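Read off the chains here:
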Amino acid sequence: MGAVREALDALSLVDHHCHGTVAADLDREAFEPLLTEGDAWPGVSPFDSPVGVAVRRHCAPLLDLPRHAPVEQYLARRSELGRREVQRRFLRASGTDVFCVDTGFAPDRLTTPREIAEAAGGAAYEVVRLESVAESVRAAGVEPDAYAEAFRAAALAAVRRPRVVGVKSVAAYRTGFDLDPARPSDAEVTGAARHWTARGGRLDDPVLVRHLLWTAVDLGLPLQLHTGFGDNDIRLHRADPARLTDWLHLTAGTVPVLLLHCWPYQRQAAYLAAVFEQVYLDVGLTLHHVGPARAGAVLAEALEITPFRKLLYSSDAYGVPEFFHLGALAFRQGLAGLLQERVDADELSLPDALRIARWAGRDNARRVYRFPDDSPGGS
Amino acid sequence: MGAVREALDALSLVDHHCHGTVAADLDREAFEPLLTEGDAWPGVSPFDSPVGVAVRRHCAPLLDLPRHAPVEQYLARRSELGRREVQRRFLRASGTDVFCVDTGFAPDRLTTPREIAEAAGGAAYEVVRLESVAESVRAAGVEPDAYAEAFRAAALAAVRRPRVVGVKSVAAYRTGFDLDPARPSDAEVTGAARHWTARGGRLDDPVLVRHLLWTAVDLGLPLQLHTGFGDNDIRLHRADPARLTDWLHLTAGTVPVLLLHCWPYQRQAAYLAAVFEQVYLDVGLTLHHVGPARAGAVLAEALEITPFRKLLYSSDAYGVPEFFHLGALAFRQGLAGLLQERVDADELSLPDALRIARWAGRDNARRVYRFPDDSPGGS
Amino acid sequence: MGAVREALDALSLVDHHCHGTVAADLDREAFEPLLTEGDAWPGVSPFDSPVGVAVRRHCAPLLDLPRHAPVEQYLARRSELGRREVQRRFLRASGTDVFCVDTGFAPDRLTTPREIAEAAGGAAYEVVRLESVAESVRAAGVEPDAYAEAFRAAALAAVRRPRVVGVKSVAAYRTGFDLDPARPSDAEVTGAARHWTARGGRLDDPVLVRHLLWTAVDLGLPLQLHTGFGDNDIRLHRADPARLTDWLHLTAGTVPVLLLHCWPYQRQAAYLAAVFEQVYLDVGLTLHHVGPARAGAVLAEALEITPFRKLLYSSDAYGVPEFFHLGALAFRQGLAGLLQERVDADELSLPDALRIARWAGRDNARRVYRFPDDSPGGS
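So, a few notes on the structure that sits alongside this text. These numbers were taken from a predicted model, which means no experiment stands behind them. (Residues numbered from 1 in each chain as written. Chains lettered and ligands numbered in written order. Predicted model: local features only at pLDDT ≥ 70, side-chain atom pairs only at ≥ 80, totals over all residues. Heavy atoms only, no water.)

Considering the overall build of chain A
Convention followed: Secondary structure elements follow DSSP: runs of H or I of four or more residues count as helices, runs of E of two or more count as strands, with numbering from the N terminus. For a compact globule the rule gives 2.2 Å times the number of residues to the power 0.38, and the radius of gyration it is set against comes from C-alpha atoms. Summary of the burial criterion: residues with accessible area below 20% of their type's maximum are buried, those above 50% are exposed, and those between are partly exposed, where the area comes from a 1.4 Å probe applied to protein chains only. A contact between two residues is defined here by any heavy atoms of the two lying within 4.5 Å. Note on areas: Shrake-Rupley, 1.4 Å probe, and residue coverage restricted to the protein chains presented here. In this tally, Lys and Arg are treated as positive and Asp and Glu as negative; His is ignored, and so are the chain termini. To locate a charge, take atom NZ for lysine, CZ for arginine, CG for aspartate or CD for glutamate.
Helix and strand counts for chain A stand at 17 helices and seven strands. The C-alpha radius of gyration of chain A comes to 20 Å, within 12% of the 21 Å expected for a compact globule of 379 residues. On the principal axes, the C-alpha backbone points of chain A span a range of 60 × 50 × 40 Å. For chain A, the proportion of its 379 residues judged to be buried stands at 67%. Considering only residue pairs separated by 6 or more positions, chain A has 78% of its internal contacts joining residues 24 or more positions apart. Just so you have it, chain A exposes about 12,200 Å², and 49% of that area is on carbon and sulfur atoms. Looking at charge distribution, chain A has the averaged site of its 42 positive side-chain charges lying 3 Å from that of its 50 negative ones.

In structure tokens:
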């Protein structure tokens, strides 16, 4: 094994974007749909996919099974061990000691940041999903002309809770990024809020999404933006982060913007990270979906022009703890592979390679989020 | 040679999308333009391209010539053997025993499915190009308010012919995919048909293209959609299959949708195949144009997240029989290369690799098209 | 070293698109921002990027320093040698004997084509940036209804100067390519000129940009178009060259169109080069930004379907002479790597590989630009 891989294996990662896992034991019917961004389809097992073979290859051994174990054996052993032990094993194996957890999606079903931290023996921080805050404000009842202030107050209250280190928007899902980049006027917001409070449903009004993004700027915390790959609720081409350019111009000098996932627009994201001081990126979610076999190829594209202080690690694990392990493994293996290859070709010095590995795996996130206390056990 | 390549070489492929070849002997002037999606340009030989060097490398030996034979020698030998023998050699070499032939483009110039089947010693089925059906309806004369029903009746008659297994649309060429996804009303169709029947020309009215796509849904057969790469009649960015997302939502649960070609949007196509049950993809056409030297790289991107039951093989051979051989070779070499590499790295078990190879090369197509009789010689 | 690399190392390149370098000695504060398409950001050195490590690896030895020299040492040695010696070393090392220099951006700060030619021991030609011509016309004062003719006359005068071999447009920066492709009417141009002459500022009116592109067609010289990657003034997705398709149809049969940079749309550019006779491409700028470690991967995508007479070499060096060397090195190393790999795999014959290398590095540019005198020392 090369020196870069050894260093990355020894490095405790900061996972700057993840979710909880389902807080219940999972049978096959419950487990399989969590493997995929699609649904479970009759006659087609979600295991018959790149992520499925990666789970059987890389997760089975952690459950004391042979590599490439059959699905039935894998699920039986999983049940036998019980969800807490399974979670503990994968979280420990991930070698992650700081987790930034998006708590705004399906919080009732998922483990909390505290549970993740305890199982991992690390620290967990919270990322506030602003769409959930806005939808809570609407659900609680609000006059249209009071919406802007009520949302701002609720968001402020949410981010002032202890251990909150950032906010997140899923604007990519709701409208995509072809938005008027300007901050909407009060009158526009009130008008849009009138429609929304009458109509209900999730926040997907373009004016209110813009208002949400600008409120995020006011909050002053790092802002995570889902871009690219997701479930079929995305219109992928509208989630190309290049479409954020006008908004990034208007908000330059304010908060750090962290482009999540990015695939297949990792080069577009890299461009933004190269030309806007406030822009960072990761290829989370993608890493476990493409698996260790392709993580290096995706990372190589993401890193073609990305300044080395701008790449972060995230697993975007959701639902099953396997993804904490698989994301970390794919990241380490992929990044080490490409850096070591460059060291071996004398395109990069070993000290530089090690520095880049530490930055991407840990220090860039620390620099952006300024964790109040990221010592293990600090949660 | 690795075990995966051996297995793929021994596998009889299903070529789920191809065309006939020109039913005439071809001199250099006639042959060269068929090598390319461009035209023949003065001073630039179409042989000076990736597909050109692939033909000289991989097709020359089948004509008893050395690898990399000069163009003149290649064309002279081709003429000497005659078109039937040339066709027979390339079709046999392709190791394909089922062909789904798009019969809707230039049928007067091209060999029929029966001729392909006989030369290959395999079976051929037919794919009905719906734009050609619509244009025939218009050419035969139809009142605008009778167009919808006349087109539907003609399409139904076309697909009820024996050996028809699917339909195809070239909407990508006519309007691109930025269409209102909803089924158009009868009044809209009549209005658009009034303009079209008066104006003539090919079917490129957005309302009528939408109507065609929805009629395809009603027909109940697998629907092939050209996406991505083609000749200069395409606006490439409008043929990005991600732009079909809204329409795929509305038509979920109806017919299988097979995204053809896809390049350079193979990742976007893979995303759709991963999140929509009804979506499948191939990288036909691309395979012979990029040649065996790059087919593996393109397939690797296409497979990054594609579920293994969703990738199909097609040659999209058109005009010259070389492309049946070259497409099949590029597919086998590219897919075997990437699967074997993963087996060698222990990222994939050999049984899984062999299963994926069989699915992509044959069984996924059988599952989608349910050929009535795909035994060799069954045509 | 393989035969292809040897041949490419021995080949004097034609750099069909570059700029001058800053005609002053540069301290760290002045040097670092020139390394990047972004600005210099507090706490983040532009050296911590792919281009930065490539400079330390490949440029340091030309300054008599060890590979991967520390930044401070690199800059100190650079100062010690002085800008003329530094420029001479990098230009000589580039092995380039013909330069086409865009003289329309920041000409007061930059070395002239003559200086470049002298330092390199080669010949330099000039490329006229049409936006600069138009802005000079406006700055000199022009009535709106005289603008079209004044611009045409000024452009004609500019291109009739000795050693002008082409024109360039940065329409990608000003409006992007989602333009009405048709030539604007005189009335439209006058109306737009009225607004522009009143408002001032740079040329970014869509009608005037269209007019500029059509005036370029009238001039009859090869037209270079910036596409894809640039600084944050670009909206990357609007600089996708596929969006030029309608305009390319309308202008087919007129002037050669050279798509510059292209990344990350190199496949889209390759498509256009494959289907439009008049379209050519390079991946300049990208080559030094991604560095030799990734230049081969980008070139491999660019060459997937590009006819071999359609790829050109450019450095797009700007500001610092390092980029002449780094661009040439990345091009030679990347192209030789991919061609040699194909020769080794017997996918390509060695004579074909050598021919492709000569075409891309030199002869395709000679064919397009028809240099009046490109013998070394001819400037």
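Additional details are given in the paragraphs that follow.
With respect to the sheet that holds strand β3 (residues 123-129) of chain B
Residues and elements named next belong to chain B. The condition that has to hold: When DSSP finds two or more bridges between two strands, those strands count as paired. Working convention: axes come from line fits to C-alpha atoms, limited for helices to the stretch in contact. Angles between N-to-C directions cover 0 to 180 degrees.
Pairing within the open sheet is parallel, and its seven strands lie in the order β1-β2-β3-β4-β5-β6-β7. Where the open sheet ends on each side, the last strands, each with one partner, are β1 (13-18) and β7 (279-281). The average angle at which neighbouring strand axes cross in this sheet is 25°, direction not considered. Where strand β4 (residues 164-169) meets strand β5 (residues 223-227), three bridges bridge the pair, whose relative direction is parallel. Following the sheet pairing, Ser169 is matched in β5 by Leu225.

Some thoughts on the relation of the copies chain C and chain B
Convention followed: Alignment of the copies relies on least squares applied to C-alpha atoms, considering only residues that score at least 70 for pLDDT in both.
With an RMSD of 0.0 Å, chain C superimposes on chain B once it is rotated by 120° and translated 0.0 Å along the axis. This pairing of chains is accounted for by a three-fold axis. A share of only 6% of interface residues in chain C that are also interface residues in chain B marks the association as one of differing surfaces.

Describing the nonpolar core
Worth spelling out the cut-off: The nonpolar core is taken to be a set of buried Ala, Val, Leu, Ile, Met, Phe, Trp, Tyr and Cys residues, with the residues joined through side-chain atoms within 4.5 Å.
In terms of nonpolar packing, the biggest core is built from 277 residues, with A:Tyr147, A:Trp247, B:Tyr147, B:Trp247, C:Tyr147 and C:Trp247 touching the most fellow members. Among residues more than four places away in sequence, those in contact with C:Trp247 are C:Pro181, C:Leu213, C:Trp214, C:Val217, C:Leu223, C:Leu225 and C:Val257. Formed by 36 residues, the second largest nonpolar core is a distinct cluster that contains A:Leu26, A:Phe99, A:Ala117 and A:Ala317.

Keep in mind these values describe shape, not function.
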